[in-house]
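What follows is each chain in one-letter form.
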2 protein chains.
Amino acid sequence: MADGPTITTIAERAGVSIASVSRVLNGLPTRQETVRKVMAAADELGYVRNAVARSLKSRRTHQVAFAMADIGNPAYLAMLREIQPVLKAAGYRLVLHSTDAVAADEIDVLHSLGERYVDGLIMSPLRVTETHLRMLATARAPVVIIGSVPDGTPVDNVRADSRTGVRLAIDHLHMLGRRRIGMVNGPLDTVPGAARGAAYREALAAVGLPYEEKLVEIGDFYRAEGRRAVETLLRRVPDIDALMCANDLIALGALDVLRAAGKRVPQDVAVVGMDDTDLAAASWPSLTSVSLGSAERGKAAAELLLDRLQHGDREPRLVTVLPRLVVRASTAGEGSEGGRSS
Amino acid sequence: MADGPTITTIAERAGVSIASVSRVLNGLPTRQETVRKVMAAADELGYVRNAVARSLKSRRTHQVAFAMADIGNPAYLAMLREIQPVLKAAGYRLVLHSTDAVAADEIDVLHSLGERYVDGLIMSPLRVTETHLRMLATARAPVVIIGSVPDGTPVDNVRADSRTGVRLAIDHLHMLGRRRIGMVNGPLDTVPGAARGAAYREALAAVGLPYEEKLVEIGDFYRAEGRRAVETLLRRVPDIDALMCANDLIALGALDVLRAAGKRVPQDVAVVGMDDTDLAAASWPSLTSVSLGSAERGKAAAELLLDRLQHGDREPRLVTVLPRLVVRASTAGEGSEGGRSS
DNA sequence: TTGTAGGCGTTATCAG
DNA sequence: CTGATAACGCCTACAA
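Fair warning: this is a prediction, and the values are worked out from it, not measured in the lab.

Each value, and the rule that gives it
Residues numbered from 1 in each chain as written. Chains lettered and ligands numbered in written order. Predicted model: local features only at pLDDT ≥ 70, side-chain atom pairs only at ≥ 80, totals over all residues. Heavy atoms only, no water. Axes fitted to C-alpha atoms, helices over the stretch in contact; angles between N-to-C directions. Helix = DSSP H or I, 4+ residues; strand = E, 2+ residues; numbered from the N terminus. Parallel < 35°, antiparallel > 145°, perpendicular 65-115°, else oblique. Contact = heavy atoms within 4.5 Å. Nonpolar A, V, L, I, M, F, W, Y, C, P; charged D, E, K, R; others polar. Near = heavy atom within 4 Å. Polar contact = N/O pair within 3.5 Å; in protein donor to acceptor, adjacent residues only side chain to side chain. Buried < 20%, exposed > 50% of the residue type's maximum accessible area, 1.4 Å probe, protein only. Buried area = accessible area lost by both parts, 1.4 Å probe. Salt bridge = Lys/Arg side-chain N within 4 Å of Asp/Glu carboxyl O. Domains from an automatic or database assignment. Pairing = 2+ DSSP bridges. Right-handed = clockwise from strand over helix to strand, strands pointing away. Arc of directions from axis to C-beta.

Student: Can you walk me through the packing of helix H1 (residues 7-14) of chain A against helix H2 (residues 18-25) of chain A in this structure?
Tutor: The geometry of a pair of packed helices is captured by two quantities: the angle between their axes and the separation between those axes. All names here are of chain A. Axis separation between H1 and H2 bottoms out at 8 Å; the angle between their running directions is 105 degrees. As summarised for this structure, H1 and H2 are arranged roughly perpendicular, according to the angle between their axes. Counting all contacts with H1, which are made through Ile7, Thr8, Ile10 and Ala11, the residues of H2 involved are Ile18, Val21 and Leu25. By residue class, the composition of the contact of H1 with H2 is 6 nonpolar, 1 polar and no charged.

Student: Can you help me understand the protein's contact with DNA strand D in this one?
Tutor: Of all residues adjacent to DNA strand D, which total 25 residues, the nearest are Tyr47 of chain A together with Ser20, Arg23, Thr34 and Arg59 of chain B. By atom count, sugar and phosphate contribute 61% of the portion of DNA strand D lying within 4 Å of the protein. Between a phosphate oxygen of DNA strand D and a main-chain N or O atom of Ile7 of chain A, the distance comes to 2.7 Å. With respect to DNA strand D, the backbone of Asn50 of chain A contributes an N or O atom lying 3.3 Å from a phosphate oxygen. Of all the elements in the fold, those that place two or more residues in the surface near DNA strand D are H2 and helix H4 (51-58) of chain A together with helix H2 (18-25) and helix H4 (51-58) of chain B. Across the surface near DNA strand D, the residue classes break down as 9 nonpolar, 8 polar and 8 charged.

Student: Mind showing me how you'd approach the environment of Asp3 of chain A here?
Tutor: Residue and element names in this part refer to chain A. Mapped onto the elements of the fold, Asp3 is located in the segment before H1. Relative accessible area serves as the criterion here: at 58%, Asp3 is assigned to the exposed category. Linking Asp3 and Asn50, residues 47 residues apart in sequence, is a C-alpha distance of 12 Å.

Student: Would you mind going over the interface of chain A and chain B with me for this structure?
Tutor: Where interface size is quoted, it is often the accessible area lost as the parts come together. Each partner contributes residues to the interface: chain A has 55 residues there, and chain B has 55 residues. Buried area between chain A and chain B, both sides added, is near 4,600 Å², and the carbon and sulfur share of it is 59%. The residue Glu115 of chain A makes a salt bridge to Arg93 of chain B at a minimum N-O spacing of 3.6 Å. Linking chain A with chain B are 15 residue pairs in polar contact (both at pLDDT 80 or more). Contributions of two or more residues to the side of chain A that touches chain B are made by H4, helix H5 (74-89), strand E2 (93-98), helix H6 (103-112) and helix H12 (278-282) of chain A.

Student: What am I meant to see in the side chain of Thr153 of chain A here?
Tutor: Residue and element names in this part refer to chain A. Within the fold, Thr153 resides in the loop between strand E4 (143-146) and strand E5 (156-160). Here Thr153 falls in the buried class, since its relative accessible area comes to 12%. Polar side-chain contacts of Thr153 include one of 2.7 Å to the backbone oxygen of Pro150. Once residues lying within four places of it in the same chain are set aside, the contact partners of Thr153 are Leu133, Leu136 and Pro316.

Student: Could you clarify how one ought to interpret the domain arrangement of chain A in this entry?
Tutor: Each assigned domain of chain A is listed with its residue range as follows: domain 1 (7-49), domain 2 (61-161 + 294-323) and domain 3 (163-291 + 326-332). Using C-alpha coordinates to define each centre, domain 1 of chain A is positioned 39 Å away from domain 2 of chain A.

Student: Would you mind showing me how to read the sheet that holds strand E2 (residues 93-98) of chain B here?
Tutor: Strand pairing within a sheet occurs via backbone hydrogen bonds; the two strands may be parallel or antiparallel. Strand order in this open sheet of 12 strands is E11(A)-E5(A)-E4(A)-E3(A)-E1(A)-E2(A)-E2(B)-E1(B)-E3(B)-E4(B)-E5(B)-E11(B), and the pairing throughout is mixed. Across the chains shown, the open sheet's two edge strands, defined by having one partner strand only, are strand E11 (318-321) of chain A together with strand E11 (318-321) of chain B. Strand-to-strand twist across the sheet, computed as the mean angle between neighbouring axes with direction ignored, equals 20 degrees. For strand E4 (residues 143-146) of chain B and strand E5 (residues 156-160) of chain B, the ladder comprises 3 bridges, and the chain directions are parallel.

Student: Sorry if this is basic, but what is going on with the pattern of salt bridges here?
Tutor: Think of it this way: side chains of opposite charge can pair up when their charged atoms draw near. All names here are of chain A. Taken as a whole and judged by the stated rule, the model has 46 salt bridges over all chains. A salt bridge links Arg223 to Asp256, with the nearest nitrogen and oxygen atoms 3.0 Å apart. With Arg223 in helix H10 (residues 223-236) and Asp256 in helix H11 (residues 248-260), the pair connects residues that are 33 residues apart, well separated along the chain. Assessed through its relative accessible area of 28%, Arg223 is described here as partly exposed. Asp256 sits in the buried class, given a relative accessible area of 18%.

Student: What am I meant to see in the pairing of E2 of chain B here?
Tutor: The side chains of a regular strand alternate between the sheet's two faces. Here E2 of chain B lies mainly inside the structure; 6 of its 6 residues are buried. Side-chain alternation along E2 of chain B places Arg93, Val95 and His97 of chain B on one buried face and Leu94, Leu96 and Ser98 of chain B on a second face that is also buried. Examined bridge by bridge, E2 of chain A and E2 of chain B share 3 bridges and lie antiparallel to one another. Paired with Leu94 of chain A across the strands is Leu96 of chain B, a residue of E2 of chain B. Inspection of the sheet shows strand E1 (residues 63-68) of chain B paired to E2 of chain B by 6 bridges, in the parallel sense. Following the sheet pairing, Val64 of chain B is matched in E2 of chain B by Leu94 of chain B. Between the parallel pair E1 of chain B and E2 of chain B, the chain is carried across by helix H5 (residues 74-89) of chain B, and the sense of this crossover is right-handed.

Student: Is there a simple way to think about H4 of chain B in this case?
Tutor: Because the α-helix completes a turn every 3.6 residues, residues three or four places apart line up on one side. Buried residues of H4 of chain B: Ala51, Val52 and Ser55 of chain B, and no others. Viewed along the axis of H4 of chain B, the buried residues span an arc of 100 degrees, placing them on a single side of the element. Along its buried surface, H4 of chain B packs onto H4 of chain A together with E2 of chain B. One side-chain oxygen of the residue at the start of H4 of chain B lies 2.8 Å from the amide nitrogen of Val52 of chain B, identifying that residue as Asn50 of chain B. One or two steps after H4 of chain B, the chain reaches Arg59 of chain B, where phi turns positive at roughly 60 degrees.

Student: Whenever I open this one, unusual backbone geometry confuses me. Can you help?
Tutor: A cis geometry characterises the amide bond from Val265 of chain B onward to Pro266 of chain B, with omega recorded as 10 degrees. For Pro266 of chain B, the position within the fold is in the loop between helix H11 (248-260) and strand E9 (270-274). Residue Pro285 of chain B is reached from Trp284 of chain B by a cis peptide bond, and omega for that bond is -5 degrees. Among the secondary structure elements, Pro285 of chain B is positioned in the loop between helix H12 (278-282) and strand E10 (288-291). Positive phi is not limited to glycine here, since Arg116 of chain A has a value of about 65 degrees.

Student: What should I look at first to understand the protein's contact with DNA strand C in this one?
Tutor: In the region of DNA strand C, 24 residues are neighbours, and Ser20, Arg23 and Thr34 of chain A together with Ile7 and Tyr47 of chain B sit closest. Of what DNA strand C places within 4 Å of the protein, 56% of the atoms are sugar or phosphate. Every element with two or more residues in the surface near DNA strand C is listed here: H2 and H4 of chain A together with H2 and H4 of chain B. Among the elements that make up the surface near DNA strand C, the one with the highest residue count is H2 of chain B (4 residues). Split into classes, the residues belonging to the surface near DNA strand C amount to 8 nonpolar, 8 polar and 8 charged.

Next up, the structure:
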């Protein structure tokens, strides 16, 4: 752990100037003899370039940050799994932030962009405040937002279409004959919470079902909250026959509660989740879920960012990923597993 | 995205020297009037410290790297979930690497430590080669290894005890009356593969069962490989009555195949996984699994590293995390879920 | 082809 | 208390 050699050390050892060392190290035209001497010295000393000094000079860190709302949510991990290799292939390191959906932490990340320790940022905020927008407008490095931002915000944006997603789920449940379809949502002041709540209402209308407040319960996007919410809902509407859950974690909480209450899934109550995470396929019974394309969104975000890092300014771009209903046992019964329809 | 202000910009604006600006920004004793002027200028300009320049000078980046073998394996994600908050709380950023268990990539990470873009490294190698050891011995920043390294390697080390873990599982299966207990392992040239293979043999001996080669199948630590291996095993030994799988992904693959083959779990074949990932609790049937304490190991690793970053040199330390058998439906039958015993 | 020197943005030393 | 000034390690004109 001794202090490492620098180009100065090498220069002395090889009996040349630091400029020559730098040239050799960067493959610039140099006399063979000099190249040899420098390489030899570098090898013997076990020289490794100092990335920090290099960044200071070049104004590029070859690092990109990914700020996710909740590192414990497999939907974000699915994004991470796609983002990482794309960046790695392009020679970028990935710096991770978990903001726990705390707006202040997100602002913090945005702020720290100014510190220039990364060349760009991919961010997935749950709430988008005025402050977010102001900071995005003045960010000192390219930002890609996974989630929705108002039109005109000068950043690249990758969106899910949870509205259509909810619609697919409700149609499915309706076709299965369900008529008392409840919704377990996350906070309404979050972007996804608001979108999914509105979509639920719309989708019910589309199939001719009335919207009833008693069928809706708001919690948070975690499994424990899902349990709590479904307990409440079940007490209020004992004969509820379907549950549209705003994400898979909530849906798993629902399965827990239903099992404990002796309700059969899907015979008594059908359950649909959202995000189609690994957990959906592995749960018991396996969970019908609306895929919002977490993986695709992650990949698209990484590619948008890379493109901007490489080709600089251009119009902000918007990518929308289409949802897909993945039908499994929690709505389709024992027999049919893994069927897919769009 | 214009070029940001530097302390020089501020100095000009405030009519003081850059030295004074630096002092104010770092809270060193300064005249009130100067403080005011500098802060005002900094605010107006929206100044943010340049982390790169700061690192060059201070020789600290406040970044730590985590190199995991497979970002798609929930066991590593469980570690990540613990590591991240610990580092964050201490003011460190986390840089992520996924090496996909390719030794060359791991060497690469170790090598890039010399670039000094991080202050330390947590690494979880599947294979430990001579080169690994040589590089660990000369690493230019503190390294914590999650996994086993030979005694005497000058790094902090957090270990699981998969030997005892396998033993717990085999005892459990034996007590349930299983006598043809197969093993689906990962590559034997990996540290965990070797350990678990040997442990299986030992554990069988301990309960008085013979070791039979036909009961063992080697694949890789992925679900698809688990499927393949179990298909082979099932063809070779149709009346096998239990499967010890080297991790949860393999075990899920086993469940897939058994279901397709019309075998009931656990009545016909009992299945045990390892790592006790989220997937184990959520699978169908839920999976009995040996917890090797992924979360605890991650946390311990982060704490060891922080401690070393803060208190410098000391003897390398070894932390061993104890395994725990988590019994679920895949061995205990429909009725009993989530029981725990050590 | 090579070396000298300046600068990237900070921090820290040392006179004033 | 403040202002020059010299590092930190590297890259790159520019001059030799």
